[in-house]
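Summary of the model geometry
Letter by letter, the chains look like this.
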Amino acid sequence: MSGGHVKLESLIKRFDGFTAVDGISVEIQAGEFFSLLGPSGCGKTTTLRMLAGFEPPTSGKILLDGTDVGNWAPNRRNVNTVFQSYALFPFLTVAENVAFGMKYKSVPKSERDGRVAEALELVQLSGLEKRRPNQLSGGQQQRVALARALVLRPSVLLLDEPLGALDAKLRRTLQVELGALQKQVGITFLYVTHDQEEALTMSDRLAVMNHGRIAQLGTPEEVYDEPADAYVADFLGVSNLMDAQVEPGGKGQGPCRVRVGDFTLEAQAGQLDATGDVKVAIRPERIHVHPYEDGGVNCVPAMVERLVFLGSTTHIYVRLANGAALQALVRNEGSAVPYSQGTPVKVDLPADALRVLPDPGVSVSEIHDETLGDQPLDLTGSVQATG
Amino acid sequence: MASTVGESITTSSPDQAELAPSRRPRGNPWRRPYAMEGFTWLYIVWSIVPIAIAVLFSFNKGASQATWQGFSTQWYVGNQVTSVLHNPGLHQAVIQTLVLAVLTTVICVPIGVGFAIGIDRWRTRTANGLNVVMIFSFVIPELLLAVALFLLVTQALTFIKLGTPAEVAGLVVWNISWPAIIVRARLVSIGRSYEEAACDLGASRFGAIWRVLLPLLAPAIFASAVLVFASTVDDFVIVEQLSSTSNTQPMSVAIYSNVHAGLSGPALNALATIMLFISLVAALIGFLGYRWMSRGERTKGGADALTGIAGI
């Protein structure tokens, strides 16, 4: 129960000629809710599997409360995992599933029933002890998997996309519950997900991963508001990325002047001392769409391409004269959006919201492809008990 | 989208429209498939009727295998000389069949399961090659294997005596692919996550196999055991080659050699009926047992792949 401090030192994992994890160093404090976020294939699950002990690291150290456990068998580590497929044993009841590990942790027999009941109460499943996993809903199975791991009081709990198989509404409910549960038990949670909303809502800190490396490490606010590069900006939420060049002169002082197509814009966020080719990013909620007659600093002409009504908000897709596509997010406050497809408008890109990011040397569309990744399709893995 | 589909049809085959009326299926395309149903029933009758007649005449009162003379069970138990119960040759054949079936199952299944788990873990080219070898027994003629085994045990491995030891050895070799293939198919569909979960919860690798993998494999192991048993009961080619005296002849060989020697009669029908009965009971037990063991995994109304593979 005590402890839970994790330190990864230049952790590398190579499979036959393919580097899944390429030198990760990160320190996770005891009791922290830490997320690894990235598209599939970025190395986040491999990192988790090395921590759990299912894969030996190629090099580097995994320090668990100061001890290098890199080459320990999974059953020797005081770490438990909640699997994406839950991996509940279909031939055991809920109570037997939860009690499974206590035999190995030498919990006295007299205590086991009490601990099972306590764990099931924690995940709000009391009364379902006698059921079998296939008689439970997906959300209930997920809770059993959680109880089965928590009942052993590990110092670190690893969660591998635990909400991935659930529908959107249940996922939101469980996000909130999981966050509250973590605060209650105080165990270090290492949460692996490709869902940026999950990572942002629950984590104390998170690491955005790409190509086996950490692209940015920070609190959700830091990573969302101050993305370190175009990749992070695009991966976390919808980000409008544009190719731009920094106008020479006036370096370092005041706003940075960047050229996007035929227009010169002022930017006050990000790497203001950059030169040459850069990317500029702006969040959709910071863009304002005005009638075409309006003007001002950072107001550029554009054409409305599409309106997408999303209930509480409307997405306005616009295209600038230089071909760059942008999305603006408008809150629905009673009146309809006064634009339609083909309307010429002015989009206001406020200087304090326009962020200058270093040029990764690839085009905007290539960054999009990368951040979209593949949807996590688990064809090779286990067949769920419920089929 | 719809318009492009329409265009592509008309452009790719311009005469489609003219031909369409004559090509339209006559009548209701959702009508019952009478021809298919009729053929299915014909097939069922064709394959079951001869067996039913053979079973029927095992209950004949007289000694004829062609003229019905009334019902009796004398060819099973009644007749003091020629009934299956009292004719020592036939009686011994039933016992020998059961002995062979039990021994073969008991030896074959653990080896096959071990093989399947081993191949699943040992993912190399050699392992893949060995896996192909497992399919050989479905491909090579049984007689070839039987003759080869006969030569092997009579010329080289003479410590394996003809009779029960050689028969069991031959049947194990012939039937090992059942557990090996069925259990491996199950292993592939189970995946590694259950075992990983067990290790994660504190079990050793052996503990994970024992407490998690074997219970998960139980339906497949059981299904393959039933198949090995039934297949052994039905076997003729291998046991015919490898039996020695009439004492080690199982039912199939006893029926064959009696008919061959001109010693037919309803008692042989009775023996064949017992053989059929043992196979059917094994299949039924297999079906029920498999359903019971995999009850925790079934969703309503779903047959799973393994039931299909196992044919039960």
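Residues numbered from 1 in each chain as written. Chains lettered and ligands numbered in written order. Predicted model: local features only at pLDDT ≥ 70, side-chain atom pairs only at ≥ 80, totals over all residues.

Some thoughts on the overall build of chain B
Regarding its fold elements, chain B presents 15 helices and zero strands. Within chain B, the fraction of its 312 residues that count as buried is 35%. Residue pairs in contact within chain B that sit at least 24 positions apart in sequence constitute 73% of those at least 6 positions apart. (Helix = DSSP H or I, 4+ residues; strand = E, 2+ residues; numbered from the N terminus. Buried ≥ 20, exposed ≤ 12 C-beta atoms within 10 Å, placed from the backbone. Contact = placed C-beta atoms within 7 Å.)

Section: the overall build of chain A
The helix and strand inventory of chain A stands at nine helices and 21 strands. Going through the 387 residues of chain A one by one, you find that 42% of them count as buried. When contacts within chain A are restricted to residue pairs at least 6 apart in sequence, those whose partners lie at least 24 apart make up 68%.

What about the confidence of the model for chain A?
In this model, chain A carries a mean pLDDT of 86, and residues with pLDDT of at least 70 account for 94%. When the criterion is pLDDT under 50, residues 374-387 of chain A qualifies, and its contacts beyond four places in sequence or with other chains add up to 32 contacts. (pLDDT = per-residue confidence, 0-100.)

Some details on helix 8 (residues 164-175) of chain B
A rise of 1.5 Å per residue sets the reference length of helix 8 of chain B, with its twelve residues, at 16 Å; its end C-alpha atoms lie 16 Å apart and thus fit the reference within 8%. In this structure, the buried side of helix 8 of chain B is in contact with helix 5 (88-121), helix 6 (125-139), helix 7 (142-156), helix 9 (177-190), helix 11 (205-234) and helix 12 (237-242) of chain B. (Expected span 1.5 Å × (residues − 1).)

Quick word on unusual backbone geometry
The phi torsion of most residues other than glycine is negative, and most of the peptide bonds are trans. Residues and elements named next belong to chain A. For Y86, which is not glycine, the phi torsion reads 70° and is therefore positive. Among the secondary structure elements, Y86 is positioned in the loop between strand 6 (79-82) and helix 2 (94-99). Assessed through the 25 C-beta atoms surrounding it within 10 Å, Y86 is described here as buried. Non-glycine residue A87 carries a positive phi angle of around 50°. Mapped onto the elements, A87 comes out in the loop between strand 6 and helix 2. Residue classification places A87 among the buried residues on the basis of 29 C-beta atoms within 10 Å.

Quick look at the confidence of the model for chain B
All names here are of chain B. Residue-level pLDDT values for chain B average 81, and 86% of them are 70 or greater. Confidence over residues 1-18 falls short of pLDDT 50; this stretch has one contact with residues more than four positions distant or in other chains. Here residues 299-312 is modelled with pLDDT under 50, and outside its nearest four sequence neighbours on either side it reaches 23 contacts, counting other chains as well. Across the interfaces of the predicted complex, the ipTM metric reaches 0.80, alongside a pTM of 0.76.

Digging into the nonpolar core
A:V98, A:A147, A:L190, A:V258, A:V280, A:V347 and B:L271 are the most contacted members of the largest nonpolar core, which has 169 residues in total. Residues in contact with A:V347, not counting those within four places in the same chain, are A:I287, A:V289, A:V300, A:A302, A:V318, A:L326 and A:A328. (Core = buried A, V, L, I, M, F, W, Y, C linked by C-beta atoms within 7 Å.)

What about the sheet that holds strand 11 (residues 240-246) of chain A?
In space, the six strands of this open sheet follow the order 13-12-11-15-21-14 (chain A), with mixed pairing throughout. Each end of this open sheet is capped by a strand with a single partner; those strands are strand 13 (263-267) and strand 14 (269-270) of chain A. (Pairing = 2+ DSSP bridges.)

Things to note about the environment of B:V173
All names here are of chain B. Tracing the sequence through the fold places V173 in helix 8. On a C-alpha basis, the gap between V173 and W41 in space is 37 Å, while along the polypeptide they are 132 residues apart. Among all residues touching V173, those that are not within four sequence positions of it are L145 and L149.

Some thoughts on the pairing of strand 20 (residues 344-348) of chain A
Pairing of strand 16 (residues 288-291) of chain A with strand 20 of chain A involves four bridges; the strand directions are antiparallel. Along strand 20 of chain A, the bridge assignment pairs A:H288 with A:D348.

Things to note about the pairing of strand 7 (residues 156-160) of chain A
The side chains of a regular strand alternate, residue by residue, between the two faces of the sheet. Residue and element names in this part refer to chain A. A large share of strand 7 lies buried, amounting to five of its five residues. On strand 7, burial covers both faces: V156, L158 and D160 on one face and L157 and L159 on the other are all buried. Handedness of the crossover joining strand 7 and strand 8 (residues 188-193) through helix 5 (residues 168-185): right-handed. (Right-handed = clockwise from strand over helix to strand, strands pointing away.)

Topic: the sheet that holds strand 17 (residues 299-309) of chain A
Residues and elements named next belong to chain A. Read across the sheet, five strands follow the order 16-20-17-18-19 without closing on themselves; strand pairing throughout is antiparallel. On the outer flanks of this sheet lie strand 16 and strand 19 (325-331), each paired with one strand and no other. Recorded for the sheet is a direction-independent mean angle of 45° between the axes of neighbouring strands. (Axes fitted to C-alpha atoms, helices over the stretch in contact; angles between N-to-C directions.)

Structural notes on the packing of helix 5 of chain B against helix 14 (residues 266-293) of chain B
Residue and element names in this part refer to chain B. Between helix 5 and helix 14, the shortest axis-to-axis distance is 11 Å and the interhelical angle comes to 15°. The orientation of helix 5 relative to helix 14 falls into the category roughly parallel. Crossing hand, helix 5 versus helix 14: right-handed. Contacts from L90, A93, V94 and T97 of helix 5 reach helix 14 at A267, L271, I274 and M275. Grouping the constituent residues of the contact of helix 5 with helix 14 by class yields seven nonpolar, one polar and no charged. (Parallel < 35°, antiparallel > 145°, perpendicular 65-115°, else oblique. Left-handed = near helix turned anticlockwise from the far one by under 90°. Nonpolar A, V, L, I, M, F, W, Y, C, P; charged D, E, K, R; others polar.)

Quick notes on the environment of B:V237
Residue and element names in this part refer to chain B. Here V237 shows up in helix 12. Through-space distance from the C-alpha of V237 to that of L100 is 14 Å; in sequence the pair is 137 residues apart. For V237, the contacting residues outside a window of four places in its chain are E142, L143 and A146.

What to know about the environment of B:A66
Residues and elements named next belong to chain B. Turning to its location among the elements, A66 is positioned in the loop between helix 3 (34-57) and helix 4 (74-78). Overall, A66 belongs to the exposed group, with 7 C-beta atoms counted inside 10 Å. Separated by 31 residues in the primary sequence, A66 and A35 have C-alpha atoms spaced 33 Å apart.

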